Amino acid sequence: MVAGLTPDETPDAVAAQLGDALAPALHTLIMAVRRQAGALGVPAAAVAGFGGFERQYEQIEKVAGHYGNYWEVLLYGHLLNDRSTMYDLTSRLELTATS
C-alpha cells in the first residue's frame with residue numbers, strides 16, 4: 001500500500017498521490033484482470049463443449065451407479081438399441097443354467 005493512502009480513499013486522492021505512477025499501475029492491473037478472466041473462461045468453455053454442467057452431472061450420476069457392484073446402469077444405454085434383438089435371440093436359443 002502506498003504511504004498516506006487508505007482503502008477508503010477517493011479516486012481523485014489516489015490519482016493525486018500516485019501522479020505519473022498511476023498509468024503504469026492501472027495498465028498492470030488491467031492486464032492482470034484480463035489474464036485472470038481469460039483463464040477462468042477456459043474451464044467453463046470446456047464444460048459447455050461437453051453439454052454444460054447439467055449434462056456432466058447426469059454423467060456423474062450414471063457412473064456413480066457403478067459403485068456398490070451396480071454396473072447394469074452403465075450397460076443400459078448401450079443395450080437399449082439392441083434390446084429387441086436380444087429378446088429375439090433368447091426365443092431362438094436354448095439356454096442352460098451353469099450352476
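Residues numbered from 1 in each chain as written. Predicted model: local features only at pLDDT ≥ 70, side-chain atom pairs only at ≥ 80, totals over all residues. Heavy atoms only, no water.

(A) Focus on the overall build of the protein chain. Within the protein chain one finds five helices and zero strands. Each helix and strand of the protein chain, ordered N terminal to C terminal, gives the series α-α-α-α-α. Among the 99 residues that make up the protein chain, the fraction classed as buried is 4%. When the accessible surface of the protein chain is totalled, it reaches about 8,800 Å², and 62% of it is carbon and sulfur. (Helix = DSSP H or I, 4+ residues; strand = E, 2+ residues; numbered from the N terminus. Buried < 20%, exposed > 50% of the residue type's maximum accessible area, 1.4 Å probe, protein only. Areas by Shrake-Rupley, 256 points an atom, 1.4 Å probe, with all protein chains shown as cover.)

(B) Spotlight on a nonpolar patch on the surface. A surface patch of nonpolar side chains, amounting to about 360 Å² of accessible area, comprises Leu-26, Leu-29, Ile-30 and Val-33. Looking at the secondary structure, you find Val-33 in helix H2 (residues 22-49). On the basis of relative accessibility, which here comes to 47%, the residue Val-33 falls in the partly exposed class. (Patch = residues over 30% accessible without salt bridge, like charges linked within 9 Å, V, L, I, M, F, W, Y side chains within 5 Å. Salt bridge = Lys/Arg side-chain N within 4 Å of Asp/Glu carboxyl O.)

(C) Structural context of H2. Look at H2: 40 Å from first C-alpha to last across 28 residues, which is about the 40 Å you get at 1.5 Å a residue. Among the residues trailing H2, Gly-51 stands out with phi positive, at a value near 105 degrees. (Expected span 1.5 Å × (residues − 1).)

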